[in-house]
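Single-letter residue listing:
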Amino acid sequence: MPTVKMTVNGKAVSADVEARTLLVHFLRDTLELTGTHVGCDTAQCGACTVHVNGKAVKSCNALAVQLDGAQVTTIEGLANGDTLHPMQEAFRDNHGLQCGFCTPGMVMSAIDLVQGKSNLSESEIRAGLEGNICRCTGYHNIVKAVKAGADAMQAGKGR
Amino acid sequence: MAADSGTATGIGASPKRKEDFRFLTGRGTYTDDINRPGQTYAYILRSPHAHAEIVKIDTAKAKGMPGVAAIFTGADYDKGGVPCGWQIHSKDGSPMIEPPHFPLCKDRVRHVGDQVALVIANSIAEARDAAEEIDVTYKELPAIVSTGAADKAGAAQVWPDAKNNTCFDWHIGDKAAVDAAFAKAHHVTKLDLINQRLAPNAMEPRAAVGDYDRATGEYTLYTTSQNPHVIRLLMGAFVLQIPEHKLRVVAPDVGGGFGSKIFHYSEEALVTWASEKVRRPVKWTSDRSEAFLSDAQGRDHVSHAELALDKDGKFIALRVNTIANMGAYLSTFAPCVPTYLSATLLAGVYTTPVIYAEVKAVFTNTVAVDAYRGAGRPETTYLLERLVEKAARETGIDRVELRRRNFIPKTAFPYQTPVALQYDSGDYEATLDLALKMGGWADFENRRAEAQKRGKLRGIGISTYIEACGIAPSAVVGSLGARAGLYECGQVRVHPTGSVTVFTGTHSHGQGHETTFAQLVSDTLGVPFESVEVSHGDTNKIPFGMGTYGSRSLAVGGSAIVKAMDKIIAKAKRIAAHLMEASVADIDFKNGEFTVKGTDKKVSFGQVALTAYVPHNYPITELEPGLEETAFYDPLNFTYPGGTHICEVEIDPETGVTQVVNFTAVDDIGRVINPMIVEGQVHGGVVQGIGQALLENCAYDQETGQLLTGSYMDYTMPRADDVPSIKVATHSTMCTHNPLGSKGVGEVGAIGSPPAVINAVLDALRPVGVTDISMPATPHKVWQAIQSAGKAKAAE
């Protein structure tokens, strides 16, 4: 079995995996980072979204072995201790989550969506979230949360 | 019950949710996150055919594959079938046809996805690899999937005992009175409608882990359920014959349900059964494609409706005929959805004096159909509000005026409908007036004209609805065929230091009970919000419960908690009276303090709690130590949320694309504990309704019975850019028969919205001659309707 080395949430990790292992299963099963979820099998729902080298990637759609040497951030790596990332905080403040299942992917996508951009309109945010499905919230409060999270990140609270 | 306490966490306030920190940091524990030592993985080999005989299953090669622990087929399965929880009787008094539903098919498969073999291996990859090597010989049979054609001559027969594929042929109401009223009608409006099949699609796929403990003989099932005690009852008593004291069911964090996780699924029984066979824990996790083939689906009604009006536009009678598709097997609550959850709502918000409905349930070679958010009430609301809209167009009476003319007046409550229900409260004029104002009804024509200049067709639609939820009085549902009671249990444990744990038989899978119930308890007992923990989802922790569905958690489960708190306060008052050397009758309790009338004596709730557990100075001969109470609450009636939804759409006639540009929901849901959570529930429900109206459809190939919409590539889930922001308001009248006054909010969004959307689409398309369209009003369908209407006009 090939050996995969990567940096996940700032920690160097290494493991032998079957070549067919998807990144999401490497994270969930090998590293026990179960915050990243699997909601579909066609790369449509975005529940498995993580950051690979700073960009949002659907981790069900990449093999772990493809990402040897990559820097990966999952939902578990966002908060600083008990201090939430501004985007996480914005989701909590705006009731941008209900069952919480799509939430990790939604937050990871949202951060990538707003990074380096200012004053995104509602329609830009909605279009930018097109790859993440939520069945609970009707997106109303997610859109509000992303806007608020973007503003907070712009205000310098972001990382 | 205290009104808004004025604090940031009391009843009526919107504190941030207690649940959110764990969900936002990836620390939620969903079923698939649970791994037991020595765990194996199950893969279920499913039928590729809609209808076929199983001639032979050869598992020899598969059993020799690496990592395989066991392979089971129908021949190996030695326990019971999955039961149905509700029995309906036909018009002639005969009971419904109840076919057996074994977790592994014995000799015949009856839908694509039916369960043929269970493969258990050391890893899921090995289980899948082994399943590939199972050789099943099928003899294919003709299949029937069409709801409308299932009972017709020549249709393939799903079950030998169900002639013409009929499960039951039921009716309600006074047929003779309805016929008489129709005979003297001034106008009759007729409408044929399809309420299409939907896939619920909670974002968390179902999963189950069975764990048998050889040392104690106890079984534990971790499962994605909305009601773990119901699963324990159904699976333990009926399927596997495991007594309750040897079976623990845990529904941990659950990623959405919308009804689809109410039912006892055979995979739950399989992993539990197999864990004992292989002497190791067994885990099964559905993937999304599998979910489309195995999660109970929703709706799927074909109806014909007729409304009789007098010369003043008063509704004088309603007649409805519905065929409801059950799928291949009867899921847990399936028979009650088109009958007692649907036809009993046919009065809607109107004074229609006589109603008659016939409902025929049919079997087809499709996935089972059962309750999906709203369960029967969206179907009825869609039927009524499309029918009323059409009646308004035909009679020339303004559509808002026609509704007002027929509203049950607010002075008429309690109001007995001709179809069994007695509504307790409501004010339909008030929700209508507020929605008209918020939705900009009065100046809509200006917006239509402006859109026209841009080449767009703009329309506005309305729906004034009622629903029955907070299910339900046990005696009533028992008389209607329910095989269970529908009360709820609440347990309040006050700890020695005054913090509180609340155990509820309801289950939260997005609704935020840990927050709402903590607000209720904190406000009532006067303990800090942070000191209240709400526990649910584990049959070993919670005394009992019927779970969460039918918007019942606050109205029924919350009422049980109130009843338990009443007992807590009554006992605490006796302790306080002892401490203050006063008479119990003179003790008042407010804001967490016990006082003696007419004195300045007081003790805090915390002091009383400590005394209860450290009873040095205590009326020990009269009172037990401790401060913990349990209550079961059985509601006296259903609750009846209602309201008005207004939708505004803009259609591009060149492409047929419909954009929802405004949506307003004004709902009467009784007392609101947390407005933030309430609004979130409405947002989500409305978008599921918009999804039904414009996007979603479970399509089966009529010949082969293959599901054509088996993934998110084909089944159109609403995405963020498909829907607008939603204007939400509540205008509440109190429920008169539960201690909270709450009615329920979980389903109103999905119930009120679909007809508002379709009425808006038809309003937009009226100028181009389109008078009817079916759900989902996809761009293709809208474009075709415009083209057909154009051709018809040209031919005139």
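Residues numbered from 1 in each chain as written. Chains lettered and ligands numbered in written order. Predicted model: local features only at pLDDT ≥ 70, side-chain atom pairs only at ≥ 80, totals over all residues. Heavy atoms only, no water.

## As for the packing of helix 16 (residues 675-695) of chain B against helix 17 (residues 748-765) of chain B
Residues and elements named next belong to chain B.
Phase 1 of the analysis: Where helix 16 contacts helix 17, the axes come no closer than 7 Å and their chain directions differ by 40 degrees. By the angle between their axes, helix 16 is oblique relative to helix 17. Remark: the crossing between helix 16 and helix 17 carries right-handed chirality. Residues Val 682, Gly 685, Val 686, Gly 689, Ile 690, Gln 692, Ala 693 and Leu 694 of helix 16 lie in contact with helix 17, whose contacting residues are Val 748, Gly 749, Ala 750, Ser 753, Pro 754, Val 757, Ile 758 and Val 761.
Phase 2 of the analysis: For the contact of helix 16 with helix 17, the residue count by class is eleven nonpolar, five polar and no charged. (Axes fitted to C-alpha atoms, helices over the stretch in contact; angles between N-to-C directions. Helix = DSSP H or I, 4+ residues; strand = E, 2+ residues; numbered from the N terminus. Parallel < 35°, antiparallel > 145°, perpendicular 65-115°, else oblique. Left-handed = near helix turned anticlockwise from the far one by under 90°. Contact = heavy atoms within 4.5 Å. Nonpolar A, V, L, I, M, F, W, Y, C, P; charged D, E, K, R; others polar.)

## Comments concerning the packing of helix 13 (residues 513-525) of chain B against helix 14 (residues 553-579) of chain B
Residue and element names in this part refer to chain B.
Phase 1 of the analysis: Relative orientation of the contacting elements helix 13 and helix 14 amounts to 30 degrees, with a least axis distance of 11 Å. Judged by the angle between their axes, helix 13 and helix 14 are roughly parallel. Between helix 13 and helix 14 lies a crossing whose hand is right-handed. Residues His 513, Thr 516, Phe 517, Leu 520, Val 521, Thr 524 and Leu 525 of helix 13 form the contact with helix 14, whose participating residues are Ser 553, Leu 554, Gly 558, Ile 561, Val 562, Met 565, Ile 568 and Ile 569.
Phase 2 of the analysis: Per-class residue counts for the contact of helix 13 with helix 14 are ten nonpolar, five polar and no charged.

## Quick word on the interface of chain A and chain B
Phase 1 of the analysis: Taken together, the contacts link 46 residues of chain A with 52 residues of chain B.
Phase 2 of the analysis: Between chain A and chain B, a total of about 4200 Å² is buried, with carbon and sulfur atoms accounting for 56% of that surface.
Phase 3 of the analysis: Applying the counting rule to chain A against chain B returns four salt bridges.
Phase 4 of the analysis: Arg28(A) is paired through a salt bridge with Asp32(B); the nearest N and O atoms lie 2.9 Å apart.
Phase 5 of the analysis: At the junction of chain A and chain B, the tally comes to 29 residue pairs in polar contact (both at pLDDT 80 or more). (Buried area = accessible area lost by both parts, 1.4 Å probe. Salt bridge = Lys/Arg side-chain N within 4 Å of Asp/Glu carboxyl O. Polar contact = N/O pair within 3.5 Å; in protein donor to acceptor, adjacent residues only side chain to side chain.)

## Some thoughts on the sheet that holds strand 11 (residues 247-250) of chain B
All names here are of chain B.
Phase 1 of the analysis: Strand order in the open sheet formed by seven strands is 3-5-1-12-9-10-11, with mixed pairing between adjacent strands. The open sheet has two edge strands, strand 3 (68-73) and strand 11, and neither has a second partner. Each strand axis lies, on average, 20 degrees off the axis of its neighbour in the sheet, ignoring direction.
Phase 2 of the analysis: Sheet analysis places strand 9 (residues 207-213) next to strand 12 (residues 282-285), joined by four bridges and oriented antiparallel. Note that in strand 12 the partner of Ala 207 across the bridge is Thr 285.
Phase 3 of the analysis: Against the sheet, helix 3 (residues 124-132) engages strand 1 (40-46), strand 3 and strand 5 (115-121), with an angle of about 30 degrees to strand 1.
Phase 4 of the analysis: Against the sheet, helix 5 (residues 228-239) makes contact with strand 10 (218-223) and strand 11, and its axis sits at roughly 140 degrees relative to strand 11, the strand it touches most. (Pairing = 2+ DSSP bridges.)

## Side note on the domain arrangement of chain B
Residue and element names in this part refer to chain B.
Phase 1 of the analysis: Under the domain assignment used here, chain B contains domain 1 (20-28 + 487-633) and domain 2 (430-469 + 637-796).
Phase 2 of the analysis: When each unit is reduced to the centre of its C-alpha atoms, the spacing between domain 1 and domain 2 is 41 Å.
Phase 3 of the analysis: Taken residue by residue, the interface counts 16 residues in domain 1 and 18 residues in domain 2.
Phase 4 of the analysis: Of the roughly 1200 Å² buried between domain 1 and domain 2, counting both surfaces, carbon and sulfur atoms make up 62%.
Phase 5 of the analysis: Of all residues in domain 1, Ser 551, Leu 554 and Ala 555 bury the most surface against domain 2, accounting for 38% of the area lost on that side. (Domains from an automatic or database assignment.)

## Here we look at helix 15 (residues 605-613) of chain B
All names here are of chain B.
Phase 1 of the analysis: Of the residues making up helix 15, those classed as buried are Phe 605, Val 608, Ala 609, Thr 611 and Ala 612. Along helix 15, the residues classed as buried sweep out an arc of 160 degrees about the axis, all on the same side.
Phase 2 of the analysis: Contact partners of the buried residues in helix 15: strand 19 (488-494), helix 13, helix 14, strand 22 (587-590), strand 23 (593-596) and strand 24 (602-604). (Buried < 20%, exposed > 50% of the residue type's maximum accessible area, 1.4 Å probe, protein only. Arc of directions from axis to C-beta.)

## Considering the pairing of strand 13 (residues 298-309) of chain B
Residue and element names in this part refer to chain B.
Phase 1 of the analysis: Of all twelve residues in strand 13, ten are buried; the element is thus mostly enclosed.
Phase 2 of the analysis: The pairing of strand 8 (residues 187-198) with strand 13 spans eleven bridges and is antiparallel. Following the sheet pairing, Leu 198 is matched in strand 13 by Gly 298.
Phase 3 of the analysis: In this sheet, strand 14 (residues 315-327) lies alongside strand 13 in antiparallel orientation, the contact comprising nine bridges. Note on strand 14: the bridge partner recorded for Leu 309 is Phe 315.
Phase 4 of the analysis: In this antiparallel pair of consecutive strands, strand 13 and strand 14, the connection spans five residues, and Gly 313 shows a positive phi of 85 degrees.

## Quick notes on helix 6 (residues 266-278) of chain B
All names here are of chain B.
Phase 1 of the analysis: If you check helix 6, its first and last C-alpha atoms are 18 Å apart, about what 13 residues at 1.5 Å a residue would give, namely 18 Å.
Phase 2 of the analysis: Buried residues dominate helix 6, accounting for eleven of its 13 residues.
Phase 3 of the analysis: Three or more residues of helix 6 are buried, namely Ser 266, Glu 267, Glu 268, Ala 269, Leu 270, Val 271, Thr 272, Trp 273, Ala 274, Ser 275 and Val 278.
Phase 4 of the analysis: Where helix 6 terminates, the next one or two residues include Arg 279, which has phi positive at roughly 60 degrees. (Expected span 1.5 Å × (residues − 1).)

## Here we look at the pattern of salt bridges
Residue and element names in this part refer to chain B.
Phase 1 of the analysis: Enumeration over the complete set of coordinates arrives at 60 salt bridges over all chains.
Phase 2 of the analysis: Between Asp 312 and Lys 311 there is a salt bridge whose closest N-O contact spans 3.8 Å.
Phase 3 of the analysis: Among the residues examined, Asp 312 registers a relative accessible area of 42% and is labelled partly exposed.
Phase 4 of the analysis: You can call Lys 311 exposed: its relative accessible area is 65%.
Phase 5 of the analysis: Arg 404 is the partner of Asp 433 in a salt bridge, and the nearest nitrogen-oxygen pair spans 2.8 Å. Of this pair, Asp 433 sits in helix 10 (residues 428-438) while Arg 404 sits in helix 9 (residues 399-406), and the two are 29 residues apart along the sequence.
Phase 6 of the analysis: Classification of Asp 433 by relative accessible area gives partly exposed; the value is 38%.

## Quick notes on the pairing of strand 2 (residues 11-16) of chain A
For a regular strand, side chains alternate in direction, first toward one face of the sheet and then toward the other.
All names here are of chain A.
Phase 1 of the analysis: Pairing between strand 1 (residues 3-8) and strand 2: six bridges, direction antiparallel. Bridge pairing links Thr 7 to Ala 12 in strand 2.
Phase 2 of the analysis: Turn length for the strand 1-strand 2 hairpin, with the two strands adjacent in sequence and antiparallel, is two residues, and the turn residue Asn 9 shows positive phi of about 50 degrees.

## Comments concerning empty space enclosed by the protein
All names here are of chain B.
Phase 1 of the analysis: The full count for this structure, using the stated rule, is eleven cavities of 30 Å³ or more.
Phase 2 of the analysis: Roughly 250 Å³ of internal volume is contained in the second largest cavity.
Phase 3 of the analysis: Contributing to the lining of the second largest cavity are 25 residues, with His 101, Tyr 265, Ser 266, Ser 294 and Ala 368 lying nearest its centre.
Phase 4 of the analysis: The set of elements that each furnish at least two residues to the lining of the second largest cavity consists of helix 6 and helix 7 (288-294).
Phase 5 of the analysis: The residue inventory of the lining of the second largest cavity, partitioned by class, reads twelve nonpolar, nine polar and four charged. (1 Å grid on protein atoms, 1.4 Å probe; cavity = no way out; pocket = protein on both sides within 12 Å on 5 of 7 lines; lining within 4 Å. Points joined across faces, edges and corners; volume = space filled by probe spheres on them.)

## Describing the domain arrangement of chain A
Residues and elements named next belong to chain A.
Phase 1 of the analysis: Domain boundaries assigned for chain A yield domain 1 (3-77) and domain 2 (86-157).
Phase 2 of the analysis: Each of domain 1 and domain 2 was reduced to a C-alpha centroid, and the two centroids are 21 Å apart.
Phase 3 of the analysis: Domain 1 puts 18 residues into the contact, and the matching count from domain 2 is 15 residues.
Phase 4 of the analysis: When domain 1 packs against domain 2, the two sides together hide about 1200 Å² of surface, and 58% of this comes from carbon and sulfur.
Phase 5 of the analysis: Counting the surface domain 1 buries against domain 2, the share from its top three residues, His 37, His 51 and Ile 75, is 40%.
Phase 6 of the analysis: At the boundary of domain 1 with domain 2, the tally comes to one salt bridge.
Phase 7 of the analysis: At the boundary of domain 1 with domain 2, the tally comes to seven residue pairs in polar contact (both at pLDDT 80 or more).
Phase 8 of the analysis: At the level of secondary structure, the elements contributing two or more residues to the side of domain 1 that touches domain 2 comprise strand 3 (49-52) and strand 4 (55-58).
Phase 9 of the analysis: When its residues are assigned to classes, the side of domain 1 that touches domain 2 shows six nonpolar, ten polar and two charged.

## Structural notes on the nonpolar core
Phase 1 of the analysis: Formed by 203 residues in total, the largest nonpolar core has its most connected members in Phe91(A), Val146(A), Tyr423(B) and Phe663(B).
Phase 2 of the analysis: With ten residues, helix 17 of chain B is the largest single contributor of residues to this core.
Phase 3 of the analysis: Apart from the residues within four sequence positions on either side, Phe663(B) is in contact with His645(B), Ile646(B), Cys647(B), Val686(B), Ile690(B), Ile726(B), Lys727(B), Ser753(B), Ala756(B) and Val757(B).
Phase 4 of the analysis: The next biggest cluster of nonpolar side chains, apart from the first, holds 41 residues, and it includes Ile568(B), Val603(B), Val608(B) and Ile673(B). (Core = buried A, V, L, I, M, F, W, Y, C linked by side-chain atoms within 4.5 Å.)

## Thoughts on the layout of surface pockets
Phase 1 of the analysis: Of the volumes computed, that of the largest pocket is approximately 1200 Å³.
Phase 2 of the analysis: Around the largest pocket, the lining is made up of 40 residues, and of these His25(A), Asp29(A), Ile124(B), Ala125(B) and Arg128(B) lie nearest the centre.
Phase 3 of the analysis: Contributions of two or more residues to the lining of the largest pocket are made by helix 1 (23-30) of chain A together with strand 1, helix 3, strand 12 and helix 7 of chain B.

## Thoughts on the sheet that holds strand 2 of chain A
Residue and element names in this part refer to chain A.
Phase 1 of the analysis: Strands sit in the order 2-1-5-3-4 across an open sheet of five strands; the sheet is mixed. On the outer flanks of this sheet lie strand 2 and strand 4, each paired with one strand and no other. For this sheet, the mean inter-axis angle between neighbouring strands, taken without regard to orientation, is 40 degrees.
Phase 2 of the analysis: Seen against the sheet, helix 1 touches strand 1, strand 2, strand 3 and strand 5 (71-73) and runs at an angle of roughly 80 degrees to strand 1.
Phase 3 of the analysis: The sheet strands contacting helix 3 (residues 103-114) are strand 3, strand 4 and strand 5, and the helix crosses strand 3 at an angle near 40 degrees.

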